[in-house]
Amino acid sequence: MPYSIFLSPDILVVRFSAIGDILLTTPLLRAIRAKWPGARITVLTKRQYVSLVSDNPNVTEVFGIAPQDRIRDLVKLIRRVDYTHILDLQGGLRTAPLRLLAGGPWSGYSNRRFARAMLIRFKHNRYEEHVPVAERYFEAAADLGVIPDGEPPEFFLNSTAEEKAAAWLTRAGVGTRRPFVAVAPGAAHSSVYAVTICRFVLPLIARATPDSKRKRTALSCGFAGSYTYDSIVSLLLGRTLT
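Everything numeric in this text was worked out from a predicted model, so none of it was measured.

Draft legend 1. Expanded view of helix α2 (residues 26-35). Of all the 10 residues making up α2, 8 are buried; the element is thus mostly covered by neighbouring parts of the structure. Among the residues of α2, T26, P27, L28, L29, R30, A31, I32 and R33 are the ones counted as buried. The secondary structure elements touched by the buried residues of α2 are β1 (10-14), α1 (19-23), β2 (40-46), β4 (85-88) and α6 (133-136).

Draft legend 2. Examining unusual backbone geometry more closely. With an omega dihedral of -10°, the bond running from S17 to A18 counts as a cis peptide bond. With respect to the secondary-structure elements, A18 resides in the loop between β1 and α1.

Draft legend 3. Looking closely at the pairing of β2. Burial analysis of β2 places 5 of its 7 residues in the buried class, the great majority of the element. Bridge count between β1 and β2: 5 bridges; the pairing is parallel. Residue pairing across strands places L12 opposite T42, the latter belonging to β2. For β2 and strand β3 (residues 61-65), the ladder comprises 5 bridges, and the chain directions are parallel. What sits directly across from V43, in β3, is V62.

Draft legend 4. Region of the structure containing the sheet that holds β3. Reading across the sheet, the 5 strands line up as β3-β2-β1-β4-β5 and stay open at both edges, with parallel pairing between neighbours. On the outer flanks of this sheet lie β3 and β5 (106-107), each paired with one strand and no other. Against the sheet, α2 engages β1, β2 and β4, with an angle of about 165° to β2.

Analysis parameters
- Residues numbered from 1 in each chain as written.
- Predicted model: local features only at pLDDT ≥ 70, side-chain atom pairs only at ≥ 80, totals over all residues.
- Heavy atoms only, no water.
- Buried < 20%, exposed > 50% of the residue type's maximum accessible area, 1.4 Å probe, protein only.
- Helix = DSSP H or I, 4+ residues; strand = E, 2+ residues; numbered from the N terminus.
- Contact = heavy atoms within 4.5 Å.
- Pairing = 2+ DSSP bridges.
- Axes fitted to C-alpha atoms, helices over the stretch in contact; angles between N-to-C directions.

Listed below in structure tokens is the structure:
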């Protein structure tokens, strides 16, 4: 049954990881805020991903899970608020203990695990229709009466992230006025890809750059280290080589 229009829902959105999957929740967050302007929307994710949604104006607050946090700690955290909706956008074994122990009005979505496995392992398409992941998340919020608006996922930056990015560029000798090539290799558990790109790919880019552009183009290779994702995105959005 759709939630009453006379009440403001108190919603907990659960998605622990990873970067892309968390950003794919933002169309749903945006739709909920548009439908329910007075709702409190809380996101529960891993601590290292908090900055992906902490500056999102559609989110009221974000809880970050640390590696040392135990299941019972998370259960207490969830039970502190009498949520009207708990949207499980993670699913599977990772949220099963929370759903069992914390109780509450949980709802999820179909992640089509069987169809996905068949397509990946046996190249047999068992999907009845193609529905993007961002739109499948809306299944968990069915009784909130929200529908996709057709707009893409979104990411919001704060001024602190932009200042950190500018400071890094200055220390690297690049500055913020010259065009540069930004390469962001993804490697959650190893830096081998980053090392390969810095050693082999960037020199190729330099050699392929016309002399007229090479003189005003800075190629810089560095590692983000303690930078948060919003600071890294600020670096990538700073300037691009055309």
